[in-house]
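# Overview (structure and organization)
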Amino acid sequence: MSIEDRIRTLEEIEAVRRVLAAVGATCDAPYDGAAFAGHFTEDGVMDLMEMGVYTGRAAIQEFIDGMRARVPFTMHYWDGYAIDVDGAEATATWYGFETPNLNGTAHLGGLTHDATLKKIEGCWMVTRLGQQLHFMTPYDKGWVRQRVTDQTA
Amino acid sequence: MDLEERVQRLEAIEAIRRLKIAYARVADDGYDGDRISAFFTEDAVWDGGESFGVHRGRAAIKALFDGIPEQISFALHYMVGHTIDVDLAAGSATGHWYLWAPMTINNAATLGAITYDDEYRNIAGAWLASRMQVNIHFITPYEDGWVKTPMLPG
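About the criteria used
Residues numbered from 1 in each chain as written. Chains lettered and ligands numbered in written order. Predicted model: local features only at pLDDT ≥ 70, side-chain atom pairs only at ≥ 80, totals over all residues. Heavy atoms only, no water. Helix = DSSP H or I, 4+ residues; strand = E, 2+ residues; numbered from the N terminus. Rg over C-alpha atoms; globule rule 2.2 N^0.38 Å. Buried < 20%, exposed > 50% of the residue type's maximum accessible area, 1.4 Å probe, protein only. Contact = heavy atoms within 4.5 Å. Lys, Arg positive; Asp, Glu negative; His and termini not counted. Charge placed at Lys NZ, Arg CZ, Asp CG, Glu CD. Axes fitted to C-alpha atoms, helices over the stretch in contact; angles between N-to-C directions. Parallel < 35°, antiparallel > 145°, perpendicular 65-115°, else oblique. Left-handed = near helix turned anticlockwise from the far one by under 90°. Core = buried A, V, L, I, M, F, W, Y, C linked by side-chain atoms within 4.5 Å. Phe/Tyr/Trp six-rings, centres within 6.5 Å; stacked < 30°, edge-to-face > 60°. Lys NZ or Arg CZ within 6 Å of the ring centre and 35° of its normal. Buried area = accessible area lost by both parts, 1.4 Å probe. Salt bridge = Lys/Arg side-chain N within 4 Å of Asp/Glu carboxyl O. Polar contact = N/O pair within 3.5 Å; in protein donor to acceptor, adjacent residues only side chain to side chain. Disulfide = S-S within 2.5 Å. Pairing = 2+ DSSP bridges.

With that out of the way, let us pick up the overall build of chain B. Of the regular secondary structure elements, chain B holds 4 helices and 7 strands. Element order for chain B, N to C, with α for helix and β for strand: α-α-β-α-β-α-β-β-β-β-β. Expected size for 154 residues packed as a compact globule is a radius of gyration near 15 Å; at 16 Å, chain B falls within 12% of this value. Along the first, second and third principal axes, the C-alpha atoms of chain B reach 55 × 30 × 25 Å. The 154 residues of chain B split such that 47% are buried. Sequence separation of 24 or more characterises 50% of the internal contacts of chain B that already satisfy a separation of 6 or more. The centroid of the 13 positive side-chain charges in chain B is displaced by 2 Å from the centroid of its 22 negative side-chain charges.

As structure tokens, this is what we get:
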């Protein structure tokens, strides 16, 4: 690989990291569904497993904007990225720690995430975002007493 | 430093970051001793201090991690806030990391606050950990908190 290609790989890893950080920030309260969905391709998929699969920017935006009513507050602490870039395609995994207000109760969430991205017209766009929920527990209980609070109710 | 060296340094930092995240992922996935010990040099030291002991060499590190699931049935290793310094000429590097670890220890929710002081060596083009010094700031029962019980008994 030429030195130019090696530098480009490092730059692209950093660019993907920046895009994913922006995705995380736009799904913090007060939520910006348009900005969040704007990081996805038109046919992008957000697979939240038990919380549903949302296909296309419009469906993704609607879900995120709907968070305002369902989850009045949360923050997404995303880090621990492992990013692989291959030309105009990339994959990423990372960790998420969340602090939502669910049903009027403080919660702590432990998640891992994965994504695939494509570089389109100079911008990295998410083609698929997935999550694995390890716990979403009321703050006063902890993940052994109550591992997951139902977020679909 | 010429361009080649500058690029090598950035590539090394990224490779070491990936090494540590891979270590975290395998730990989350049940602490498989074979997989975890492969991240270390043959003569590596995993230094857990008074709480977890000092384990020298890949075989000892494998044995340590193979035994962990008896007590820790769940953990998420949030590795954050790292700084990595690379000495290309020496083929070595150091790293400092913060770890925030929600765990289930002996069937009780537990929170761990840990920092690492790591040393790495480049062995045949691959960066491996040659030393992990594990600094434990608290490992507390979730329901107690770190003021009441900074360290889990035993």
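Having seen it, we continue.
Taken N-terminus to C-terminus, the directions of helix 1 (residues 3-26) of chain A and helix 1 (residues 3-28) of chain B make an angle of 40°; their axes are 10 Å apart at the nearest point. As the angle between them shows, helix 1 of chain A and helix 1 of chain B are arranged oblique. Between helix 1 of chain A and helix 1 of chain B lies a crossing of left-handed hand. In this structure, helix 1 of chain A uses Ile-3, Arg-6, Ile-7, Leu-10, Ile-13 and Arg-17 of chain A to contact helix 1 of chain B, whose residues at the interface are Leu-3, Glu-4, Val-7, Gln-8, Leu-10, Glu-11, Glu-14 and Arg-17 of chain B.

Let us now look at the nonpolar core. If you look at the biggest cluster of nonpolar residues, it comprises 51 residues, and the most contacted ones within it are Tyr-23, Phe-40, Trp-46, Phe-65 and Tyr-116 of chain B. For this core, the element with the highest residue contribution is helix 1 of chain B, accounting for 9 residues. When near neighbours in sequence (up to four residues on either side) are disregarded, Trp-46 of chain B contacts Tyr-23, Phe-40, Phe-52, Gly-53, Val-54, His-55, Ile-61, Leu-64, Phe-65, Met-132 and Val-134 of chain B. Judged by nonpolar contacts, the second largest core, of 33 residues, contains Val-19, Val-23, Leu-117 and Leu-133 of chain A.

What follows covers the packing of aromatic side chains. Enumeration according to the criterion identifies 17 aromatic pairs over all chains in this entry. When the ring of Tyr-23 of chain B is compared with that of Tyr-116 of chain B, the centres are 6.3 Å apart and the planes differ by 90°; the resulting orientation is edge-to-face. One end of the pair, Tyr-23 of chain B, is in helix 1; the other, Tyr-116 of chain B, is in strand 6 (residues 108-123), with 93 residues separating them in the sequence. Residue Tyr-23 of chain B is classed as buried on the basis of its relative accessible area, which comes to 2%. An aromatic cluster of at least three residues, connected via ring pairs, comprises Tyr-23, Tyr-31, Phe-40, Trp-46, Phe-52, Phe-65 and Tyr-116 of chain B. Its guanidinium or amino end placed over the ring of Tyr-95 of chain A, Arg-25 of chain B lies 4.7 Å from that ring's centre, counting from NZ or CZ.

Moving on, we come to the interface of chain A and chain B. Between chain A and chain B, the contact holds 32 residues from the first and 31 residues from the second. For the pair chain A and chain B, the two sides together bury roughly 2400 Å², of which 61% comes from carbon and sulfur. The largest share of the area that chain A buries against chain B comes from Arg-6, Tyr-95 and Trp-143 of chain A, three residues that together contribute 30% of it. The tally of links between chain A and chain B comes to 5 salt bridges. Arg-6 of chain A serves as the salt-bridge partner of Glu-4 of chain B, at 3.0 Å between the closest nitrogen and oxygen. For the interface between chain A and chain B, the tally reads 11 residue pairs in polar contact (both at pLDDT 80 or more). Secondary structure elements with two or more residues in the side of chain A that touches chain B: helix 1, strand 3 (76-86), strand 4 (89-98), strand 6 (105-120) and strand 7 (123-138) of chain A.

Moving on, we come to the state of the cysteines. Residues and elements named next belong to chain A. By the definition in use, this model includes 0 disulfides over all chains. Free cysteine: Cys-27, not disulfide-bonded; nearest cysteine sulfur from Cys-123 at 19 Å. By relative accessible area, Cys-27 is classed as buried at 6%. Taking relative accessible area as the criterion, Cys-123 reaches 42% and is therefore assigned partly exposed.

The subject of this paragraph is the pairing of strand 4 of chain A. All names here are of chain A. By the criterion of burial, strand 4 is predominantly enclosed, with 7 of the 10 residues buried. Following strand 3, the chain reverses through 2 residues before pairing antiparallel with strand 4; Gly-87 in that reversal takes a positive phi of roughly 65°. Pairing of strand 4 with strand 6 involves 10 bridges; the strand directions are antiparallel. When the bridges of strand 6 are listed, Tyr-95 appears paired with Thr-112.

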